[in-house]
Amino acid sequence: MSLSSRIIDLNADLGEGVGDDEAMLTVVTSANVACGFHAGTPAELLATCSAAVAAGVRIGAQVSYPDRAGFGRRFMDMTTSDLIADITYQIGALEAIAHSVGATVDYVKPHGALYNTIVHHEQQADAVVTAVAELGHSLALMGLPGAVVIRRAEDAGLPVILEAFADRAYRGDGTLVPRTEAGAVLTDSDEIARRVVGLVTENQLTAIDGTTISIAAQSICLHGDTPGAVGHARAVRAALDDAGITVAAS
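Remember, predicted model here, so these are calculated numbers, not experimental data.

Reading the values: rules and limits
- Residues numbered from 1 in each chain as written.
- Predicted model: local features only at pLDDT ≥ 70, side-chain atom pairs only at ≥ 80, totals over all residues.
- Heavy atoms only, no water.
- Helix = DSSP H or I, 4+ residues; strand = E, 2+ residues; numbered from the N terminus.
- Rg over C-alpha atoms; globule rule 2.2 N^0.38 Å.
- Buried < 20%, exposed > 50% of the residue type's maximum accessible area, 1.4 Å probe, protein only.
- Contact = heavy atoms within 4.5 Å.
- Areas by Shrake-Rupley, 256 points an atom, 1.4 Å probe, with all protein chains shown as cover.
- Pairing = 2+ DSSP bridges.
- Right-handed = clockwise from strand over helix to strand, strands pointing away.
- Expected span 1.5 Å × (residues − 1).
- Arc of directions from axis to C-beta.
- Lys, Arg positive; Asp, Glu negative; His and termini not counted.
- Salt bridge = Lys/Arg side-chain N within 4 Å of Asp/Glu carboxyl O.
- Polar contact = N/O pair within 3.5 Å; in protein donor to acceptor, adjacent residues only side chain to side chain.
- Axes fitted to C-alpha atoms, helices over the stretch in contact; angles between N-to-C directions.
- Parallel < 35°, antiparallel > 145°, perpendicular 65-115°, else oblique.
- Left-handed = near helix turned anticlockwise from the far one by under 90°.
- Nonpolar A, V, L, I, M, F, W, Y, C, P; charged D, E, K, R; others polar.

Before going further, it helps to spend a moment on the overall build of the protein. In terms of helices and strands, the protein carries 8 helices and 10 strands. The C-alpha atoms of the protein give 17 Å as radius of gyration, which agrees with the globular expectation for 250 residues (18 Å, within 12%). Taking all 250 residues of the protein together, 53% fall into the buried category. Considering only contacts within the protein whose residues lie at least 6 apart along the sequence, 69% involve residues at least 24 apart. Entry remark: accessible area of the protein is about 10200 Å², with carbon and sulfur atoms responsible for 53%.

On to the pairing of strand S4 (residues 107-110), then. Alternating residues of S4 divide into Tyr 107 and Lys 109 and Val 108 and Pro 110, and every residue in both groups is buried. Strand direction decides the pairing type here: strand S3 (residues 58-63) and S4, joined by 4 bridges, are parallel. Across the sheet, Val 63 pairs through a bridge with Pro 110, a residue of S4. As a crossover connection, the stretch from S3 through helix H3 (residues 80-100) into S4 is right-handed. Pairing of S4 with strand S5 (residues 140-143) involves 2 bridges; the strand directions are parallel. Bridge pairing links Tyr 107 to Ala 140 in S5.

Turning our eyes to something else, we now look at helix H2 (residues 42-55). Along an α-helix, residues three or four apart share an orientation, since each turn contains 3.6 residues. When the terminal C-alpha atoms of H2 are compared, their 20 Å separation across 14 residues agrees well with the 20 Å that a helix rising 1.5 Å per residue should span. Buried within H2 we find Leu 45, Thr 48, Cys 49 and Ala 52. Taken around the axis of H2, the buried residues stretch over an arc of 95°, which confines them to a single face. In this structure, H2 carries Ala 43 and Ala 54 as exposed residues pointing more than 90 degrees from its buried face. Check the buried side of H2 and you find it contacts strand S1 (7-14), helix H1 (21-24), strand S2 (30-34), S3 and H3.

On to the side chain of Arg 6, then. Take Arg 6: it is sitting in the segment before S1. Lacking a salt bridge, the buried Arg 6 has Glu 202 as its closest oppositely charged neighbour, with an N-O distance of 9.5 Å. Engagement of the side chain of Arg 6 in a polar contact is seen with the backbone oxygen of Val 200, the distance being 2.6 Å.

Overall, the coordinates contain 8 salt bridges when judged by the stated rule. A salt bridge links Arg 74 to Asp 67; the shortest N-O distance between them is 2.4 Å. On the basis of relative accessibility, which here comes to 4%, the residue Asp 67 falls in the buried class. Arg 152 is paired through a salt bridge with Asp 126; the nearest N and O atoms lie 2.6 Å apart. Placement of the pair is Arg 152 in helix H6 (residues 148-155) and Asp 126 in helix H5 (residues 122-133), with a sequence separation of 26 residues. Under the relative-accessibility criterion, Arg 152 is labelled partly exposed at 25%.

This next bit is on the packing of helix H7 (residues 189-202) against helix H8 (residues 229-242). Across the interface, H7 lies against H8 with an axial gap of 8 Å and an inter-helix angle of 40°. By the angle between their directions, the pair H7 and H8 is classed as oblique. For the pair H7 and H8, the sense of crossing is right-handed. On H8, the residues touching Ser 189, Ile 192, Ala 193, Val 196, Val 197 and Val 200 of H7 are Gly 231, His 232, Ala 235, Val 236, Ala 239 and Leu 240. Classifying every residue of the contact of H7 with H8 gives 9 nonpolar, 3 polar and no charged.

Here's what the structure looks like:
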């Protein structure tokens, strides 16, 4: 495939009440909108969905553990029924808000600790997939390539969106380096931009241990709540444009 025919989606976590959502919406093509369980108020979610519509950006539900105090970044040992109910509730709330501004919710992306947990935790992965599937099979599930939740979603007949991270370090096994470890978050815009172009064109990146890992992604996450986030995002978008890579929702 020639570089000019490559297409990549750029997504960001928005509606959390942190970061510059307005600026990020000029760069990304998909918005992972918080659903209120880890961050975001109804008014913030409504404003974010309205702004996404105005910018022509696709909306996804950013579901989380019920953990506002920890910003959804702490593991919670939840029963299957409770997790299914919480995921269903969050998606339903955002769907109503999106509908009120003439939009739809097109995919679901778990947030924070829940996202990382369902890479390997079968019970919670099954709960997330069940919740999404029971709402119909039109919602896609966004997640890490090779994750248990992605395999379960595919088995359930759900569309999936494979994701990679622009500013997060990876282990040699393709999982993310925990934020509690040194070097987990990249901070240099030029380095991040080069890394993303290499990822899109070669399906490879360098892990924190120096090994080269293969990652085939349809969407790249640009975090909106880290220092310099907008600068990182703009550098990535400019580098992709310079490389002749089309940025569009997948």
